[in-house]
Every structure is written in C-alpha cells, then in structure tokens.
Amino acid sequence: MAATLLAFDLGTGGAKASLYDAFGACLASTFVSYDTLYPDAGWHEQRPADWWRAVVTSTRDLLAASRARPGDVAGIALSGQSLAVVPVDAAGEPLRASIPIWSDTRASAQVDAFFRKVDPAAWYATTGNGFPAACYAVFKMMWYRDHEPGTLAKARWVLGSKDWINLRLTGKAFTDFSYASGTGVYDLVGWKYHPGFVEASGLPAALFPEIVPSTRIIGTLTREAAAALGLPAGVPVACGGVDNSC
C-alpha cells in the first residue's frame, strides 16, 4: 500500500478520524464520542483525556478497518474546536481534569475588567472577535487567574484542543494562525499577538504558544505516543487548524 495520511477533527460531540491515500481518497473513517459537562450555569467543560482517548481509539480502529500498514502512515494533522483553554505544566500535563470549551461563558467579570482598559470597538477592529466576548480564550484564562490562581501559577502554556493533542503526539507546543485568532488578543493585520491586549489582560505573554502556519511540521510522533496509537515513532505531525477554518 502507498503512503497514507491520518486526519482528526476534534468536534464538540466527539472526534472524527479519517485515513486517506496519497491521492485524497478516503480509505476509512470513524467517530468516537465524548461527553460535555455542565457543572454550573454557563459552564461547558470537556476532559482533555477524553480527546486523547478518542484519538488513540480511532487510530487503531482505522488501521484495523482499512488493513493499512502502520508503517505506511506518512503524516498526521488535526483540526479542533476553537476557544478551548487547557493549562498545562512544563511536562505538558493538564492542570485541570476538565476545561472550558468554546461555548463556556463564565468569564463575564473578566470581560468587564478588560474593557475598562481596552476600547471594545478597537478590540473588534483589531481581532475580528465578535460573539459573546466571554467565549474567547483570554477571558477564560483571566478567570483561571482570578478563581484558580494556583492553576495558572503552575502553567507553562495554555493550549487549544488540537494544540494539546499535538503536544501529546510530539512533545512540542505550538498553535497556528487560525487558532490564535480566537484568543481575543490576536492582531489579524499584524499576524501576531497584540502586545497591548496581552498587557491589558494582565497575563504573562509566555502562556500563549508560538504561532506557526497550519502546514508547518511541528515535530514527529514520540515513542510514547506512537506506542499508544499503534504507529511507528517519527511520523511527521503538522500544526493543523481551527475546525471552522479547516
């Protein structure tokens, strides 16, 4: 069999995974669901561990269904639901068992505090971020700071959905331009985090991962990740993008 490509989409209801040949023909696809938790009004959470379980399970299912050889997988890429905020320590371990997803709106007080420093019209013109501001990542990160300071104090990065999976796959922490555009502090024209907005948030700039193109190969499968997925180590992993952009 010729080289194959493995693709994942981390949606709200579950993860879709597909295996393609080098010409774009789908050899197999599958879907693994996971739960959303609602611990309080406006709180919508998921477990990053469930995303990882879905990626592992679906990879093994695709290989079995397609009868593809693990050694033929030549590349992996993900898209993922936007505006998720996974605080991780320096070892890449999540500091929370469940994290706010895109639809979580708990951070209304943090929105108010931010816009006492930043003109909302200027923010919109710079970031393009519009629907309920509390959904955007920076305000959820500010909520961590205000309500769980110990969590944020231990954090090396705060990552999105597919970016955390990429970290599990490669040991490398990056994001892409499409996912960064949902942070609430991204300058669409400058193609970078806006220093003034980061400063207004009161958050350390180092919490935001480096931004690279979606097509950038950010690393290769580690031995640990490869063993979990049933693939050889060293398979290239692209940065990928946010789900609606992809």
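Look above for the structure.
Because the structure is a prediction, the values reported are computed rather than measured.

Focus: the overall build of the protein
A tally of regular secondary structure across the protein gives 9 helices and 15 strands. Here the C-alpha radius of gyration of the protein, 18 Å, is about what a compact globule of 246 residues would show, namely 18 Å. Dimensions of the protein, computed from the C-alpha atoms along their principal axes, are close to 60 × 35 × 30 Å. Within the protein, the fraction of its 246 residues that count as buried is 52%. In the protein, of all internal contacts separated by at least 6 residues, the share reaching a separation of at least 24 is 67%. Across the protein, 20 positive and 22 negative side-chain charges occur, with their mean positions spaced 5 Å apart.

Considerations on the layout of surface pockets
The space that makes up the largest pocket amounts to roughly 230 Å³. What lines the largest pocket is a set of 16 residues, among which Ser82, Leu83, Phe131, Gly182 and Asn244 lie closest to the centre. Considered class by class, the residues forming the lining of the largest pocket number 6 nonpolar, 9 polar and 1 charged.

Examining empty space enclosed by the protein
Enumeration according to the criterion identifies 1 cavity of 30 Å³ or more in this entry. A volume near 130 Å³ is recorded for the largest cavity. For the largest cavity, the lining is made up of 17 residues, of which Ala137, Val158, Gly160, Tyr179 and Thr183 are closest to its centre. Elements with a minimum of two residues in the lining of the largest cavity: α4 (137-147), β8 (157-159) and α7 (177-180). Considered class by class, the residues forming the lining of the largest cavity number 12 nonpolar, 4 polar and 1 charged.

Looking at unusual backbone geometry
Peptide bonds are, in most cases, trans, and in most cases residues other than glycine have a negative phi. Positive phi is not limited to glycine here, since Arg67 has a value of about 60°. The topology assignment puts Arg67 in the loop between α1 (48-66) and β5 (73-80). Residue class for Arg67 comes out exposed when judged on its relative accessible area of 75%. Even without being a glycine, Leu83 presents a positive backbone phi close to 65°. Position of Leu83 among the secondary structure elements: in the loop between β5 and β6 (86-88).

Considerations on the nonpolar core
The biggest cluster of nonpolar side chains holds 73 residues, and the ones touching the most others in it are Trp51, Ile76, Phe139, Trp164, Ile165, Leu169 and Leu221. Those residues in contact with Trp164 that sit more than four places away from it in its chain are Pro48, Ala49, Trp51, Trp52, Val86, Val88, Gly92, Pro94 and Leu159.

Notes on the environment of Tyr179
With respect to the element layout, Tyr179 can be found in helix α7. Residues Tyr179 and Ser79 lie 100 residues apart in sequence; the distance between their C-alpha atoms is 9.4 Å. Among all residues touching Tyr179, those that are not within four sequence positions of it are Gly80, Gln81, Ser82, Leu83, Ala84, Gly160, Ser161, Lys162, Asp163 and Val242. Here Ser161 takes part through its backbone nitrogen, which lies 3.1 Å from a polar atom of the side chain of Tyr179.

A look at the packing of helix α2 (residues 108-115) against α4
Relative orientation of the contacting elements α2 and α4 amounts to 105°, with a least axis distance of 8 Å. As far as their axial angle goes, α4 and α2 are roughly perpendicular. Between α2 and α4, the residues in contact are Gln110, Val111, Phe114 and Phe115 and Phe139, Met142, Trp143, Asp146 and His147, respectively. Its residues assigned to classes, the contact of α2 with α4 shows 6 nonpolar, 2 polar and 1 charged.

Some remarks on the environment of Ala7
Residue placement: Ala7 occurs in strand β1 (residues 4-10). For Ala7, a relative accessible area of 28% gives the class partly exposed. With 71 residues separating them along the chain, Ala7 and Leu78 place their C-alpha atoms 5.7 Å apart. Contacts of Ala7, omitting those with residues within four sequence positions, involve Lys16, Ala17, Ser18, Tyr20 and Ala77.

Procedures and definitions
- Residues numbered from 1 in each chain as written.
- Predicted model: local features only at pLDDT ≥ 70, side-chain atom pairs only at ≥ 80, totals over all residues.
- Heavy atoms only, no water.
- Helix = DSSP H or I, 4+ residues; strand = E, 2+ residues; numbered from the N terminus.
- Rg over C-alpha atoms; globule rule 2.2 N^0.38 Å.
- Buried < 20%, exposed > 50% of the residue type's maximum accessible area, 1.4 Å probe, protein only.
- Contact = heavy atoms within 4.5 Å.
- Lys, Arg positive; Asp, Glu negative; His and termini not counted.
- Charge placed at Lys NZ, Arg CZ, Asp CG, Glu CD.
- 1 Å grid on protein atoms, 1.4 Å probe; cavity = no way out; pocket = protein on both sides within 12 Å on 5 of 7 lines; lining within 4 Å.
- Points joined across faces, edges and corners; volume = space filled by probe spheres on them.
- Nonpolar A, V, L, I, M, F, W, Y, C, P; charged D, E, K, R; others polar.
- Core = buried A, V, L, I, M, F, W, Y, C linked by side-chain atoms within 4.5 Å.
- Polar contact = N/O pair within 3.5 Å; in protein donor to acceptor, adjacent residues only side chain to side chain.
- Axes fitted to C-alpha atoms, helices over the stretch in contact; angles between N-to-C directions.
- Parallel < 35°, antiparallel > 145°, perpendicular 65-115°, else oblique.

In short, geometric facts, not functional conclusions.
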